[in-house]
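Summary of the model geometry
Each chain is listed here by its residues.
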Amino acid sequence: MPAGPPVPPAGHLLGLGRLTPVKGYDLAARVARRLDLELVLAGPVAGCAGPDELAAAPSLPDVGYFRSEVEPHLGGPVRWVGSVGGAAKAELLRTARAVVFPLRWDEPGGTAVVEALSAGVPVVAMRRGVLPELVDHGVTGWLADDEDEFAGYL
């Protein structure tokens with residue numbers, strides 16, 4: 001039985017992956033707040049699936065990064081929902097305007113990028129690692145060389 005007619009994107013941007021410095025989600029959060037765009041960050045912090053686990057987490061580098069670089073941007077249009085999977089992840093993808101990958105390293109894999117593209121959701125990312133091989137610039141998404149260009153594509 002069909003799930004019903006397609007739902008137009010809710011307009012949110014989606015960050016899908018671990019919240020760690022090399023993934024650059026602080027950049028996405030900063031830009032989303034500046035542009036007043038809704039951003040949902042869906043991924044673990046240092047293995048913590050959500051706020052309750054994070055509250056009890058030891059002081060690990062990714063926890064420090066999250067608290068100092070990402071958390072100050074939460075609120076308003078930017079929120080962290082923790083790890084998601086199954087139906088919740090599918091719903092976030094189905095209703096996303098774009099999935100963002102503001103990478104600071106040469107990502108060798110890109111599983112989440114492939115998930116986004118397979119769901120028909122455009123990708124806005126930094127031109128790093130495997131991303132130029134996965135994203136057809138201007139067709140399936142946009143690849144930026146710096147923060148200003150990234151913001152422009154959003």
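The rules behind these values
Numbers given for residues are sequential positions, taken from 1 along each chain in its written order. Under the rules for a predicted model, residues below a pLDDT of 70 receive no local features and side-chain atom pairs below 80 are neither given nor counted, while totals for whole chains, interfaces and linings still include all residues. Working from all heavy atoms in the structure, the side-chain values ignore hydrogens and water. Only the six-membered ring of Trp is used, alongside the rings of Phe and Tyr, when aromatic pairs are assigned; centres must lie within 6.5 Å, and planes under 30 degrees apart are stacked while those over 60 apart are edge-to-face, with the rest tilted. Comment: elements are numbered from the N terminus, with helices defined as DSSP H or I runs of at least four residues and strands as E runs of at least two. Think of a nonpolar core as a cluster: buried Ala, Val, Leu, Ile, Met, Phe, Trp, Tyr and Cys residues, connected wherever their side-chain atoms sit within 4.5 Å. Burial classes: relative accessible area under 20% of the type maximum marks a residue as buried, over 50% as exposed, and values in between as partly exposed (1.4 Å probe, protein chains only). Contact criterion: two residues are considered in contact whenever any of their non-hydrogen atoms come within 4.5 Å of each other. The criterion for strand pairing is that DSSP finds at least two bridges linking the strands in question. Clockwise travel from the first strand over the helix to the second, with the strands pointing away from the viewer, marks a crossover as right-handed.

1. Quick word on the packing of aromatic side chains
On inspection of all chains with the given rule, the structure shows one aromatic pair. Aromatic side chains F66 and W80 sit 4.9 Å apart centroid to centroid with 55° between the ring planes, which places their arrangement in the tilted category. One end of the pair, F66, is in helix α3 (residues 61-70); the other, W80, is in strand β3 (residues 78-80), with 14 residues separating them in the sequence.

2. Considering the nonpolar core
Counting 49 residues, the largest nonpolar core has L14, L39, V100 and F101 as its most contacted members. In terms of residues, this core owes the most to one element, helix α1 (residues 25-35), which gives six residues. Apart from the residues lying within four places of it in its own chain, the contact partners of V100 are L13, L14, G15, Y25, A28, L39, V124, F150 and L154.

3. Some remarks on the pairing of strand β1 (residues 12-16)
Taken across its five residues, β1 has five buried, putting it largely inside the fold. With four bridges connecting them, β1 and strand β4 (residues 96-101) associate as parallel partners. Paired with L14 across the bridge in β4 is V99. Note that β1 and strand β2 (residues 39-42) share four bridges and pair parallel. Within the sheet, the bridge partner assigned to L14 lies in β2 and is V40. Taken together, β1, α1 and β2 constitute a β-α-β crossover, and its handedness is right-handed.

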